[in-house]
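Architecture and fold: a report
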Amino acid sequence: MMVTTVREREDDEELARSPKRTKVDELTDDGPILMSAALAVADSKEGSSPVAAESVLPPSHALLGIAPTFSSDGLRQVLQTDVGISEYISRDVPPISGIIKQRFTDFLVFEVNQDHQVIHLKSLDMPESSSKKGKGNNEGSSSTAVTEASMAQPQEPVTNTEPNTADELPAGSEAKDKDDSTPADTLWNDQFTENLAPYLSEASIDQLKTMFLEGREPPRVTDSGWGGRLIKTTEDSTETPDAAKPSEEAHASQSDDTGKKGKNQGSRGDRGGRGGRQGGEREDHRKVFSEPISSKTDRTTLHQVVRELFGGKLDSETDMSTPAGDDGSRIVIKWSRHGGGRGGGRGGRGGRDDRSDRGNHPPYIHFTLQKTNRDTQDALGYLSRTLHVNIKDLAVAGTKDKRGVTVQRVSLRRGNKTVEDVWKSANQSNRRSVQEILSQRGDRGVRIADFSYRKAGLELGMLKGNAFVITLRNVQVENAETLDRAMNSIKHKGFINYYGMQRFGTAAVPTHSIGLAILKSDWHKAVSLILQNRPGEHPEVVAARNAWLVDGNLDRALALMPRRVVAERCILESYKKQGGETRNAMGALSTIPRNLRLMYVHAYQSYVWNAIVSERIRIHGPDRAVPGDLVFESEPAAKGRSGENDEMEVDDDAGNEEQVTTEGKGMSSRERKKAAKAAYVAPSIKILTEEDAHQYSIFDVIMPLPGRDVDYPGGTLGERYREFLRLDGLDPDNFIRKQKEYTLNGSYRKILQVPKDLSWSTLGYTDPDVPLAQADEDKLLGFDPPVIADDGKFLALQINLTLGTAAYATMALREVTKTETSSHFQTGLTQASEDQQFRGVVAGPGDVAELDDDDTMEASNTLDS
């Protein structure tokens, strides 16, 4: 099928060409596109390394034997073959042509939790934290926050530091907790001093005790200044210590969650201090510093002790105000900005509202997130702004595809927020009524529901996989027998377990090229690649890039750059803080979120893995194990580096930190990580020989992701690994980096994947805008279910399957369709598809236009990654 234009879109905007395009200066022998002329200008800045004459793709790309391919506008996009994806299991089965992800609902993803249960949205109603009107604690309703059983979510408790606190509390339960009327010796007992003594001096412990007993709100002081003062001025101007009694006035003027005023609201004698927020909250300068601590283990343990002793009410962090010396870094402890205090409000005054209950619940809230056409990080960023929390307080078990509708659990370190607060913030940002909330889709493609209080947050790897409902449109197949042959092939023979195009991006500058620059410590090249123009981007992104790359106007670039363009904004903001200085490229890179930075280096590992696996399939075929192959001698006890617990798109901890196992129940988050590392034993790997190769199947064969702790296969494949790495300027025997987070330990991944619970059916349709599958939110909103047209002009193939972590559903589809899965190619298929002539012919109830990333509605739904 002829594709007339191949473009990369930014965030599902219209496919109009951007006004400025990357200039292709010249080609190298292997054909990848080159850096833009604008980038050459930027790189001529002080401290930058000129890279305009270098290929964007790694030098090892030449080993793939790929001829250059360009679209009709003379621009090149990254294709599957550029990242080592080239082979198939069943070449003898004819391809089944079809369009992947034509509509968002054509790609539904549901997380599978650690109990092997599939996560779905259950209820959109507002939850309740506590029993009302005499209801018993165990009485549930659709409006009560869900319990673990109803949500099919596994329990990950942490160490219980308060004997009377339940291990797991649903949002409808209450725990007896300390409030403002609790005596000081109960709030601070000998256990606090004993646990802190190994890490803090006696003076620091006394300061910390004073700060904690004062409460979250800083004491009131006179206008003569209050930096660091720990005393309180009363109305008669006498100064009294404020140790055992928290500040009551701080919350007296605050509204409760329903907007009603407290009893003392409006009292002029109760005004907040200078710079205070509404409700009397004032800027808090109180901090307690440790002495320098040289041991990273001791610093980590101190963070853990603070979190567990104070239940998340106090924050601890490395002191960045002074450089670390030979003696180590200091730790600074302060009240959490989002912390719970000791109940807030006027505790012990008869319970006029639920403000005194805020500290009675476990420190985390878990909820289910459905996102539509959003990157995981983008969705979390939106939630952090909507909920008014730090994005670091939000966590997920794994990242999900952008183009589609995905459902997963999210954890929030709640501070003093309740489930009601979170529900209201998420749903009433545009002042919608409850009726509108329960009858309309969530704002900006995001809906959260099914809340529960938990004692531990989620971490990457805490899942078993993902369940998919995938619909291929405009399917062309010879006959039903061919269709069944293709589907039965992946059911029994599986598919090559490639890292899919989501791992590498589909822009002209792929993520693995940036990863290679980082691994080579070429910080300026990595920054240049991130900031470089990409063909087909949204005009506002192009304008922002050119404001910096061409005009050198940093302020204008930041003003124009959308918040969703995370890495670029981080770099530009770093330059802004440095007064426009660009020499500290490594520092600028370090401001990018850690998950995103690691995604770059892991993408390079994935590229090499794909390329070597393709070579192995070409040489030995996909049917049996052969001498030289690697297998696990016994299944590893800890699967963090085996590749089994990589998440779908970004294996943040694979090859760097061992994933958490279920053996860590009863521990805190940091304790489980520490225990996992201590318990990790490198898996025993066997290189097959002529004598024992027949004892293993092709499904046992593994291949390493490059790193310091892995073995390479025997024969030509092992040498091929080394050839790729050397050609890219890396030492195959040294993956240790000065920046420890970029040190690659390596991991193992099975070369074939067999889906579970695979089933398929064919559906008829005429109008491509009519959905053929329904998202959870639409079901709960009561939208009409999809209507299948038996006499439709076109055929769709709907596939249900479940895959383990780190497996890409698009790679399973590739085995069936035998076509390119990159987004720009599939966009071309959509544009050229015959069914597009019938758009709007049949309009189904509840079938509304799809939502794009700029929060506007569009009628056209073309593919984006």
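Residues numbered from 1 in each chain as written. Predicted model: local features only at pLDDT ≥ 70, side-chain atom pairs only at ≥ 80, totals over all residues. Heavy atoms only, no water.

Each helix and strand in the protein was counted, giving 23 helices and 22 strands. Contacts in the protein between residues at least 24 apart in sequence constitute 78% of all its contacts with a sequence separation of at least 6. Accessible surface for the protein amounts to roughly 35300 Å². Of this, 48% is attributable to carbon and sulfur atoms. (Helix = DSSP H or I, 4+ residues; strand = E, 2+ residues; numbered from the N terminus. Contact = heavy atoms within 4.5 Å. Areas by Shrake-Rupley, 256 points an atom, 1.4 Å probe, with all protein chains shown as cover.)

Here the phi dihedral of Asn373 falls at roughly 55 degrees; this positive angle occurs in a residue that is not glycine. The residue Asn373 is located in the loop between strand 8 (364-372) and helix 8 (376-387) in this model. Unlike most non-glycine residues, Ala806 shows phi in positive territory, near 75 degrees. Residue placement: Ala806 occurs in the loop between strand 20 (794-804) and helix 22 (809-817).

A few words on the packing of helix 12 (residues 511-519) against helix 18 (residues 594-620). Their axes nearest at 7 Å, the elements helix 12 and helix 18 cross at an angle of 105 degrees. Taken together, the axis directions place helix 12 and helix 18 in an arrangement best described as roughly perpendicular. Each of Thr511, His512, Ile514, Gly515, Leu516, Ile518 and Leu519 in helix 12 lies in contact with helix 18, whose residues at this interface are Arg597, Met599, Tyr600, Val601, Ala603, Tyr604 and Tyr607. A breakdown of the residues in the contact of helix 12 with helix 18 according to their chemical character gives 10 nonpolar, 3 polar and 1 charged. (Axes fitted to C-alpha atoms, helices over the stretch in contact; angles between N-to-C directions. Parallel < 35°, antiparallel > 145°, perpendicular 65-115°, else oblique. Nonpolar A, V, L, I, M, F, W, Y, C, P; charged D, E, K, R; others polar.)

Mapped onto the elements of the fold, Leu797 is located in strand 20. On the basis of relative accessibility, which here comes to 1%, the residue Leu797 falls in the buried class. Separated by 37 residues in the primary sequence, Leu797 and Trp760 place their C-alpha atoms 7.0 Å from one another. (Buried < 20%, exposed > 50% of the residue type's maximum accessible area, 1.4 Å probe, protein only.)

Reading across from one edge, 5-7-6 is the order of the 3 strands in this open sheet, with antiparallel pairing throughout. Of all the strands in the sheet, just strand 5 (288-289) and strand 6 (314-318) have a single pairing partner and so form its edges. Strand direction decides the pairing type here: strand 6 and strand 7 (residues 331-335), joined by 5 bridges, are antiparallel. Of the residues in strand 7, the one forming a bridge with Glu317 is Val332. (Pairing = 2+ DSSP bridges.)

Now for the pattern of salt bridges. Applying the stated rule across the entire model yields 31 salt bridges. Of the charged contacts, one joins Glu87 and Arg618 as a salt bridge, the two residues approaching to 3.1 Å between their closest N and O atoms. Residue Glu87 is found in the loop between helix 1 (37-43) and strand 1 (97-99), and its partner Arg618 is found in helix 18; the two are separated by 531 residues along the sequence. Across the pair Asp778 and Arg441 runs a salt bridge, and its minimum N-O distance is 2.8 Å. (Salt bridge = Lys/Arg side-chain N within 4 Å of Asp/Glu carboxyl O.)

Glancing now at the packing of aromatic side chains. With the rule as written, the count across this model stands at 18 aromatic pairs. Members of the aromatic cluster, connected to one another through ring pairs, are Trp188, Phe192, Phe212, Phe310 and Trp335. Cation over ring: Arg473 sits above Tyr765, and NZ or CZ is 5.1 Å from the ring centre. The ring of Tyr88 has Arg814 sitting right over it, with the charged end atom 3.9 Å from the ring centre. (Phe/Tyr/Trp six-rings, centres within 6.5 Å; stacked < 30°, edge-to-face > 60°. Lys NZ or Arg CZ within 6 Å of the ring centre and 35° of its normal.)

Attention now goes to the side chain of Arg616. Position of Arg616 relative to the elements: it lies in helix 18. Judged by relative accessible area, which is 0%, Arg616 ranks as buried. Residues contacting Arg616, with those up to four places away along its chain left out, are Gly621, Arg624, Ala625, Val626, Asp629, Ile698, Val701, Met703, Leu717 and Ile751.

Turning to the packing of helix 18 against helix 20 (residues 715-727), a few remarks are in order. Running from amino to carboxyl end, helix 18 crosses helix 20 at an angle of 145 degrees, the nearest separation of the two axes being 10 Å. In this structure, helix 18 meets helix 20 at a crossing whose hand is right-handed. In this structure, helix 18 uses Tyr604, Tyr607, Val608, Trp609, Ala611, Ile612, Glu615, Arg616 and Ile619 to contact helix 20, whose residues at the interface are Thr716, Leu717, Arg720, Tyr721, Phe724 and Leu725. For the contact of helix 18 with helix 20, the per-class residue count stands at 11 nonpolar, 1 polar and 3 charged. (Left-handed = near helix turned anticlockwise from the far one by under 90°.)

With 27 residues, helix 18 ought to run about 39 Å at 1.5 Å a step, and its terminal C-alpha atoms sit 38 Å apart, in line with that. For helix 18, the principal kink sits at Tyr600 and spans about 25 degrees. Extensive coverage of helix 18 is indicated by the burial of 22 of its 27 residues. Looking one or two residues beyond helix 18, the residue adopting positive phi is Gly621, at roughly 80 degrees. (Expected span 1.5 Å × (residues − 1). Bend = angle between axes of the 7 residues up to and from the residue.)

With that settled, the discussion passes to the nonpolar core. Judged by nonpolar contacts, the single largest core of 107 residues is most densely connected at Ile571 and Ile751. Here this core gets 14 residues from one element, more than from any other, and that element is helix 18. (Core = buried A, V, L, I, M, F, W, Y, C linked by side-chain atoms within 4.5 Å.)

What follows deals with the sheet that holds strand 14 (residues 630-632). In any sheet, the strands associate via hydrogen bonds between backbone groups, in a parallel or an antiparallel arrangement. Strand order in the open sheet formed by 4 strands is 15-14-16-17, and the pairing between neighbours is antiparallel. The two strands at the open ends of the sheet, each matched to only one other strand, are strand 15 (685-687) and strand 17 (747-750). If you compare each strand with its neighbour and ignore which way they point, the axes differ by 50 degrees on average. Note that strand 14 and strand 16 (residues 701-705) share 2 bridges and pair antiparallel. The partner of Val631 across the bridge, within strand 16, is Val701.

The next thing to look at is the pairing of strand 16. Counting buried residues along strand 16, 5 of its 5 residues qualify, which places the element largely inside the surrounding structure. Judged from the 4 bridges that link them, strand 16 and strand 17 form a sheet pairing that is antiparallel. Looking at the pairing, Pro704 lines up with Tyr748 of strand 17.

In this section: the confidence of the model for the protein. Looking at the protein as a whole, its pLDDT mean stands at 74, while 65% of the residues score no less than 70. With pLDDT under 50 throughout, residues 638-666 is counted as low confidence; its partners more than four residues away or in other chains account for 107 contacts. (pLDDT = per-residue confidence, 0-100.)

Before going further, it helps to examine the pairing of strand 7. The element strand 7 is largely enclosed, with a buried count of 4 among its 5 residues. Bridge analysis of strand 5 against strand 7 gives 2 bridges, and the strand direction is antiparallel. Looking at the pairing, Val288 lines up with Ile333 of strand 7.

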